[in-house]
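Chain by chain, the residues run as shown.
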Amino acid sequence: MPILSNSPSDILRYLLISLTEGSLPIAGKLYAPTDWPVFNDVEPPLPDNCITTFDTTGTDDGRLMLTGEIVHHTGFQIRVRAQDKVTGWLKANAIQVSLTESVKRVSLTIGNRAYLIHCIAKMGDILSLGKESPTSKRNLFTINAVMMVEQVS
Amino acid sequence: MKIEGVSRVIEALEARIAQAIKSSKASVTVGYTQNYAIFVHEDLVAHHTVGQAKFLEQPARMHQDKFRKIVEDSLRRKLTMSQALLLAGLALQRESQLLVPIDTGALKASAFTRVDII
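1. Let's talk about the pattern of salt bridges
Moving on, step 1. Overall, the coordinates contain 18 salt bridges over all chains when judged by the stated rule.
Moving on, step 2. Across the pair K29 of chain A and D35 of chain A runs a salt bridge whose closest N-O atoms are separated by 3.6 Å.
Moving on, step 3. Taking the shortest distance from any N to any O, the salt bridge between D61 of chain A and K122 of chain A comes out at 3.6 Å. Here K122 of chain A lies in the loop between β5 (113-121) and β6 (127-131) and D61 of chain A lies in strand β2 (residues 50-63), a separation of 61 residues in the sequence.
Moving on, step 4. Salt bridges here are not isolated pairs; linked through shared partners, they connect E43, D48, R79, R81, E132 and R138 of chain A together with D43 of chain B.

Take a look at the structure:
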């Protein structure tokens, strides 16, 4: 199992930004609805349209015969909050398509650390959670999957 | 040398293969019937005094080997695939109900394991 300097959900956050599905949050900035800042672990009250990544339970998928290393896929959740259902669905769908079609041995650099994302697998359907709260107009969607990520430097 | 009855043996084997294919297509669903179950399951931000989010997905992933062993042992005991999967599904339901958040208890009580007829 690889040792990672950043949590998988943090790596995923930068992956989404590099795939242009969202932007890096800037403290105090007033975001446009199309900015889609990507947060990790904590979903702030504003802006309406935002993406948050979380770590979830992963799965062990066998062992490499030569080295004995256990191949572990780390789990993650992407949570999309949007001003309305259509906007949220479109964004969640775009993320799903982007991760499914564009991630195949993708290199990613965070600060002075480099990661190799081998694949994203076992992606489920987009789950619509409905409104954020009974009085809110904002809709929530989640996507769950696992990924194989390796730190290369 | 003449061998008789080969066609009957082949027919019997084909019938067994058809039965095995039918049996192996069994599936079992484990879930919760409360309509807010998915919200509680997926909301990783919410704090729960008892239980946690991902109360079904986490044990399903963590105990994969255990469930696989239940199915293997059951098939070895000549149970059908449906029965084997049902036993594994009930084990998952038990593990899940240990993690499900409890407020009124309605969510925990809505857990079910269902054999799907294909």
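2. Details of unusual backbone geometry
All names here are of chain A.
Moving on, step 1. Cis geometry is adopted by the peptide bond preceding P47, which originates at L46 and carries an omega value of 0°.
Moving on, step 2. Relative to the helices and strands, P47 resides in the loop between β1 (38-40) and β2.
Moving on, step 3. The backbone phi angle of T20 is positive, close to 60°, even though this residue is not glycine.
Moving on, step 4. With respect to the helices and strands, the residue T20 is situated in the loop between α1 (8-18) and β1.
Moving on, step 5. Residue T20 is classed as exposed on the basis of its relative accessible area of 66%.

3. Re the interface of chain B and chain A
Moving on, step 1. Counting from both sides, the interface comprises twelve residues of chain B and, opposite them, 18 residues of chain A.
Moving on, step 2. Around 1,200 Å² of area is buried between chain B and chain A when both sides are counted, 59% of it from carbon and sulfur atoms.
Moving on, step 3. The largest contributions to the chain B side of the interface with chain A come from F39, E42 and R61 of chain B, which together make up 46% of the buried area.
Moving on, step 4. At the boundary of chain B with chain A, the tally comes to one salt bridge.
Moving on, step 5. R79 of chain A is paired through a salt bridge with D43 of chain B; the nearest N and O atoms lie 3.0 Å apart.
Moving on, step 6. The interface formed by chain B and chain A holds seven residue pairs in polar contact (both at pLDDT 80 or more) in total.
Moving on, step 7. Of all elements in the fold, only α2 (37-42) and α3 (57-62) of chain B reach the threshold of two or more residues within the side of chain B that touches chain A.
Moving on, step 8. In terms of residue count, α3 of chain B provides more of the side of chain B that touches chain A than any other element does, four residues in total.
Moving on, step 9. Per-class residue counts for the side of chain B that touches chain A are five nonpolar, two polar and five charged.

4. Quick look at the pairing of β5 of chain A
Residue and element names in this part refer to chain A.
Moving on, step 1. Judged from the six bridges that link them, strand β4 (residues 104-110) and β5 form a sheet pairing that is antiparallel. Bridge pairing links T109 to A114 in β5.
Moving on, step 2. Inspection of the sheet shows β5 paired to strand β7 (residues 139-151) by six bridges, in the antiparallel sense. Counted as the bridge partner of I117 is V149 from β7.

Calculation notes
Residues numbered from 1 in each chain as written. Chains lettered and ligands numbered in written order. Predicted model: local features only at pLDDT ≥ 70, side-chain atom pairs only at ≥ 80, totals over all residues. Heavy atoms only, no water. Salt bridge = Lys/Arg side-chain N within 4 Å of Asp/Glu carboxyl O. Helix = DSSP H or I, 4+ residues; strand = E, 2+ residues; numbered from the N terminus. Buried < 20%, exposed > 50% of the residue type's maximum accessible area, 1.4 Å probe, protein only. Contact = heavy atoms within 4.5 Å. Buried area = accessible area lost by both parts, 1.4 Å probe. Polar contact = N/O pair within 3.5 Å; in protein donor to acceptor, adjacent residues only side chain to side chain. Nonpolar A, V, L, I, M, F, W, Y, C, P; charged D, E, K, R; others polar. Pairing = 2+ DSSP bridges.

Structural measurements only, silent on function.
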